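Residue-level structure breakdown
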Amino acid sequence: MDHCPPSTLTSENSPLGSDSMRRLVLPGVELYLGDCLEIAPTLQGVDAVISDPPYGMKLDTDNSRFSGGNTASVARRGNGIGTGKGKGIIDDDKPFDPSPWLAWEKVVLFGSNHFGARLPVGTKLIWIKRLDDAFGSFLSDAEEAWMKGGHGIYCKRDLTMNAEANTRQHPCQKPVPLMAWCMDKAKVPEGATVLDPYMGSGSTIIAAIRTGRKAIGIEKDPEHFKNAVERIKRELAQGDLFLGQNS
Ligand SMILES: C[S@@+](CC[C@H](N)C(=O)[O-])C[C@H]1O[C@@H](n2cnc3c(N)ncnc32)[C@H](O)[C@@H]1O
């Protein structure tokens, strides 16, 4: 990563040269508001792409349709769907093309069941988001990610998103420990730089921070970008507090 003063939001002086793009540099973290397909080719020093792109499934984020408006009752069934209030996911209305991301040495892409025909053989990482006794009760029990290289299938159970159905920031929000697990499975070393080109609420970035990795996040939706920036700043501030208490 190149070095800018911490917390510098640049637009006029952006190397990307467009008003529609914003760049924020925080300790160990670089965040971009804009289109990853334009920004990612300008980046240097990326060691791994760990991401959860738009799947091309035209996701209806209004999950109140399942429960007469009571999202908590859906959450009890463990549906794993957030409260997007019907606002669509950018670029989710067309098939996802993974090809721009395949050249990096280490790659993990969620949603690969939607675009598997465009991927080479690789490892499957399965997020089990439901308890055994609730399997089959409502929509998917699990989500799949493709990892470059190998051919095994590995699983991690994480139920935290169910409890956060009403409080999560993004309808597709992933648990932070899940994204850290993906980095470990991809053997991304401590200190390496992880790129999440479809950052959403920033779970991948927070996972990198918590595990001693550096991170670059890109998000096209200004509202999600703003929320991710606030969440990431809170995470970094907590770290400072912790260090302060121990120094
Ligand atoms: C599936 S969501 C990611 C959610 C994320 N994993 C989380 O934990 O919050 C995909 C995100 O990619 C963003 N997106 C879609 N197309 C994009 C593009 N071309 N460049 C940057 N972001 C994009 C969407 O706005 C959406 O927030």
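Remember, predicted model here, so these are calculated numbers, not experimental data.

Turning next to helix 6 (residues 203-210). Of all 8 residues making up helix 6, 7 are buried, and the element is well covered by its neighbours. Within helix 6, burial applies to Ser203, Thr204, Ile205, Ile206, Ala207, Ala208 and Ile209. Directly beyond the C-terminal end of helix 6, a positive phi value near 75° is found at Gly212.

Looking at the secondary structure, you find Met199 in the loop between strand 9 (193-196) and helix 6. You can call Met199 buried: it has 29 C-beta atoms within 10 Å. For the pair Met199 and Ile218, spaced 19 residues apart in sequence, the C-alpha separation works out to 5.5 Å. Look past the residues within four positions of Met199 in its chain and what remains in contact with it is Thr204, Ile205, Gly217, Ile218, Glu219 and Ala228.

Moving on, we come to helix 5 (residues 176-185). The buried count for helix 5 comes to 7 of 10 residues, which makes it a mostly enclosed element. Of the residues making up helix 5, those classed as buried are Val176, Leu178, Met179, Ala180, Trp181, Cys182 and Met183. Looking one or two residues past helix 5, Lys187 carries a phi angle of roughly 55°, positive in sign.

A few words on the pairing of strand 4 (residues 48-51). The two faces of the sheet receive side chains in turn, since in a regular strand these alternate between them. Covered by surrounding structure in strand 4 are Ala48 and Ile50 together with Val49 and Ser51, the residues of both alternating faces. Bridge count between strand 4 and strand 5 (residues 106-110): 4 bridges; the pairing is parallel. By the bridge assignment for strand 5, Val49 is matched with Val107.

Turning to the pairing of strand 10 (residues 214-219), a few remarks are in order. Counting buried positions over the 6 residues of strand 10 gives 6, a clear majority of the element. Burial along strand 10 is two-sided: the residues Lys214, Ile216 and Ile218 and Ala215, Gly217 and Glu219 are all buried. When strand 3 (residues 29-33) meets strand 10, the two strands line up parallel, connected through 5 bridges. Residue pairing for strand 10: Tyr32 is matched across the bridge by Ile218. Assessed by its sense of winding, the connection that carries the chain from strand 9 through helix 6 to strand 10 is right-handed.

We now examine the environment of Leu43. Take Leu43: it is sitting in the loop between helix 1 (36-39) and strand 4. For Leu43 and Ile216, which are 173 residues apart along the polypeptide, the C-alpha to C-alpha distance reads 9.1 Å. When sequence neighbours within four positions are dropped, the list of residues in contact with Leu43 reads Leu195 and Ile216.

This part is about unusual backbone geometry. The phi dihedral of Asp91 falls on the positive side, at around 70°, and the residue is not glycine. Among the structural elements, Asp91 can be located in the loop between helix 2 (71-77) and strand 5. Residue Asp91 is classed as partly exposed on the basis of its C-beta count, with 18 C-beta atoms lying within 10 Å.

This part covers the site of the ligand. In the vicinity of the ligand there are 23 residues, among which Asp52, Tyr198, Gly200, Ser201 and Ser203 approach most closely. Here the residues of the shell around the ligand are counted per class, giving 10 nonpolar, 6 polar and 7 charged.

The N-to-C vectors of helix 5 and helix 6 enclose an angle of 65°; their axes lie 8 Å apart at closest approach. Accordingly, the angle class assigned to the pair helix 5 and helix 6 is roughly perpendicular. Here helix 5 runs over helix 6; the crossing is right-handed. Counting all contacts with helix 5, which are made through Val176, Met179, Ala180 and Met183, the residues of helix 6 involved are Ser203, Thr204, Ile206, Ala207, Ala208 and Arg210.

Definitions and cut-offs
Residues numbered from 1 in each chain as written. Predicted model: local features only at pLDDT ≥ 70, side-chain atom pairs only at ≥ 80, totals over all residues. Buried ≥ 20, exposed ≤ 12 C-beta atoms within 10 Å, placed from the backbone. Helix = DSSP H or I, 4+ residues; strand = E, 2+ residues; numbered from the N terminus. Contact = placed C-beta atoms within 7 Å. Pairing = 2+ DSSP bridges. Right-handed = clockwise from strand over helix to strand, strands pointing away. Near = placed C-beta within 6 Å. Nonpolar A, V, L, I, M, F, W, Y, C, P; charged D, E, K, R; others polar. Axes fitted to C-alpha atoms, helices over the stretch in contact; angles between N-to-C directions. Parallel < 35°, antiparallel > 145°, perpendicular 65-115°, else oblique. Left-handed = near helix turned anticlockwise from the far one by under 90°.

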